[in-house]
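Per-entry structural report
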Amino acid sequence: MIPFFNLQRQYFKDKNNIDLAIQDVLQSGRFIKDRKCMEFERKFAEYHGSKRCVSVANGTDALILALKACGIGRGDKVVTTPFSFFASSEAIVRVGATPVFADVEMSSFNINPEKMESLMTKKIKAILPVHLFGNPCRMDEIMELAKIKQVKVIEDCAQAFGSTVGNKKVGTFGDIGCFSFFPSKNLGCYGDGGAIVTNDEEAADKIRMLANHGSKTKYIHEDIGYNSRLDEIQAAILLEKMKSVENDLIARSSIAQMYQELLKDLDIILPSYADGSFHSFNQYTIRTENKEKIIEAFQKKNIGYMIYYPVSLNKQKAIPWALYRDETDCSNAEQLTSQVLSLPIFPELKVDEVEEIAKTIREVLT
Ligand SMILES: Cc1ncc(COP(=O)(O)O)c(C=O)c1O
């Protein structure tokens with residue numbers, strides 16, 4: 001059996017330090033947004049070279065609060081990708097705005113800046129690119145367009161902690177970068193968690209206030225907010241995991257390179273990324289017309305796999321299209337949903353497991 005993802009392997013790798021970090025919090029008797037959270041926010045901001053970090057309860061809240069801090073609300077429209085986890089569009093709808101989908105590039109799976117330009121009407125107040133699977137979007141072009149059109153940019157970095165374009169980390173190109181610490185992310189905690197980074201101190205203050213019931217001073221409420229706070233146990237775990245996260249990113253990268261080498265001559269399309277950018281490979285997703293056959297072989301051998309994503313966001317029924325419909329061409333995203341197959345990738349995946357996965361795909365295709 002080869003798991004798609006395995007958190008026990010990760011925990012046992014660093015069990016002693018994780019256990020001590022958790023015990024430290026238990027013994028302190030302080031559980032919500034206290035010294036561990038503050039220390040984590042300092043370290044996370046420093047890692048990104050950002051002025052500020054605000055930790056929140058999860059990545060979805062990070063997006064919602066970032067949109068709110070940018071003043072996005074009812075009647076506004078936000079250009080985003082139709083090929084992503086649901087939360088990136090859910091957050092837009094949640095604040096009362098409408099997602100307007102710019103189709104993706106088949107090669108990178110990411111929003112295509114060339115498709116965005118014609119969508120930039122006066123109602124568009126922000127762009128929300130998603131660095132899908134850890135592959136950085138074409139941020140220079142997105143920022144250029146945002147500057148011309150004077151709209152905000154909120155980066156969804158949930159899957160892309162550690163990804164860079166040149167020397168710059170994703171999350172630091174736009175106005176606000178949003179992160180998820182869901183356990184399977186590149187930097188994951190052992191529960192839910194999220195954060196934003198920004199150089200906009202006003203936006204950071206607003207997010208901190210909104211995430212704490214709209215309050216800056218205890219029992220004085222300036223706004224209707226949320227209860228969206230990271231807890232101390234998760235912050236302590238994240239601080240511990242930050243110490244080895246660069247090694248974890250290197251491990252993901254070398255597994256991705258192994259796949260590239262082992263699969264390069266087969267009739268499948270491997271992930272590609274732009275020169276000068278670092279793809280952090282939260283997911284390793286191939287494109288194939290033989291998905292069903294490969295899945296059948298995986299199931300026989302008990303090899304894990306996922307379909308990220310089987311339905312594009314423009315086709316999701318949950319979004320109330322009667323109110324929010326703004327139809328655009330999403331044919332690439334729709335086509336991808338039938339071709340994509342994500343293979344196991346996580347730092348603790350073993351070399352012989354990668355070889356076995358590649359061998360299984362080879363047997364199907366040759
Ligand atoms: C692209 C993307 N955006 C947002 C989120 C939401 O993060 P969370 O699950 O922490 O709310 C996720 C989580 O899977 C994601 O993959």
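The rules behind the values
- Residues numbered from 1 in each chain as written.
- Predicted model: local features only at pLDDT ≥ 70, side-chain atom pairs only at ≥ 80, totals over all residues.
- Helix = DSSP H or I, 4+ residues; strand = E, 2+ residues; numbered from the N terminus.
- Pairing = 2+ DSSP bridges.
- Near = placed C-beta within 6 Å.
- Axes fitted to C-alpha atoms, helices over the stretch in contact; angles between N-to-C directions.
- Left-handed = near helix turned anticlockwise from the far one by under 90°.
- Contact = placed C-beta atoms within 7 Å.
- Nonpolar A, V, L, I, M, F, W, Y, C, P; charged D, E, K, R; others polar.
- Domains from an automatic or database assignment.
- Expected span 1.5 Å × (residues − 1).
- Buried ≥ 20, exposed ≤ 12 C-beta atoms within 10 Å, placed from the backbone.
- Arc of directions from axis to C-beta.

Next up on the list: the environment of S338. Within the secondary structure, S338 is located in helix α13 (residues 331–339). Along the chain, S338 and R287 lie 51 residues apart, while their C-alpha atoms are 8.8 Å from each other.

Okay, the sheet that holds strand β7 (residues 168–169) next. Strands sit in the order β7-β6-β12 across an open sheet of three strands; the sheet is antiparallel. If you trace the sheet from one side to the other, it starts and ends with β7 and β12 (277–278), each paired once. Inspection of the sheet shows strand β6 (residues 164–165) paired to β7 by two bridges, in the antiparallel sense. Bridging across to β7, T164 finds its partner in K169.

Near the ligand there are 15 residues, and of these N58, G59, T60, A158 and S180 occur at the shortest range. Where the shell around the ligand is concerned, the elements lending two or more residues are α4 (59–69) and α5 (87–94).

For the rest of this paragraph, the subject is the packing of helix α2 (residues 15–28) against helix α9 (residues 232–242). Two elements in contact, α2 and α9, have axes whose closest approach is 9 Å; the angle formed by their N-to-C orientations is 145°. Regarding α2 and α9, the two cross each other, and that crossing is right-handed. Of α9, the residues touching α2 (which contributes N17, I18, A21, I22, D24 and V25) are E232, I233, A236, I237, L239 and E240. Split into classes, the residues belonging to the contact of α2 with α9 amount to eight nonpolar, one polar and three charged.

Segmentation of the protein into domains returns domain 1 (7–102 + 109–242) and domain 2 (245–365). Contacts between the two partners involve 34 residues from domain 1, matched on the other side by 27 residues from domain 2. The set of elements that each furnish at least two residues to the side of domain 1 that touches domain 2 consists of α1 (7–13), α5, β3 (98–101), β6 and α9. Split by residue class, the side of domain 1 that touches domain 2 holds 17 nonpolar, twelve polar and five charged.

Looking now at helix α3 (residues 35–48). Along an α-helix, residues three or four positions apart point the same way, because every turn accommodates 3.6 residues. Its 14 residues give α3 an end-to-end C-alpha distance of 20 Å, which sits within 8% of 20 Å, the value for a rise of 1.5 Å per residue. Looking at α3, one finds that the buried residues are K36, C37, F40, E41, F44 and H48. The arc that holds every buried residue of α3, seen down its axis, measures 135°, which confines them to one face. In the core, the buried residues of α3 are packed alongside α2, β1 (52–56), β7, β9 (194–198) and α9. Remark: G49 follows α3 within two positions and exhibits a positive phi of approximately 65°.

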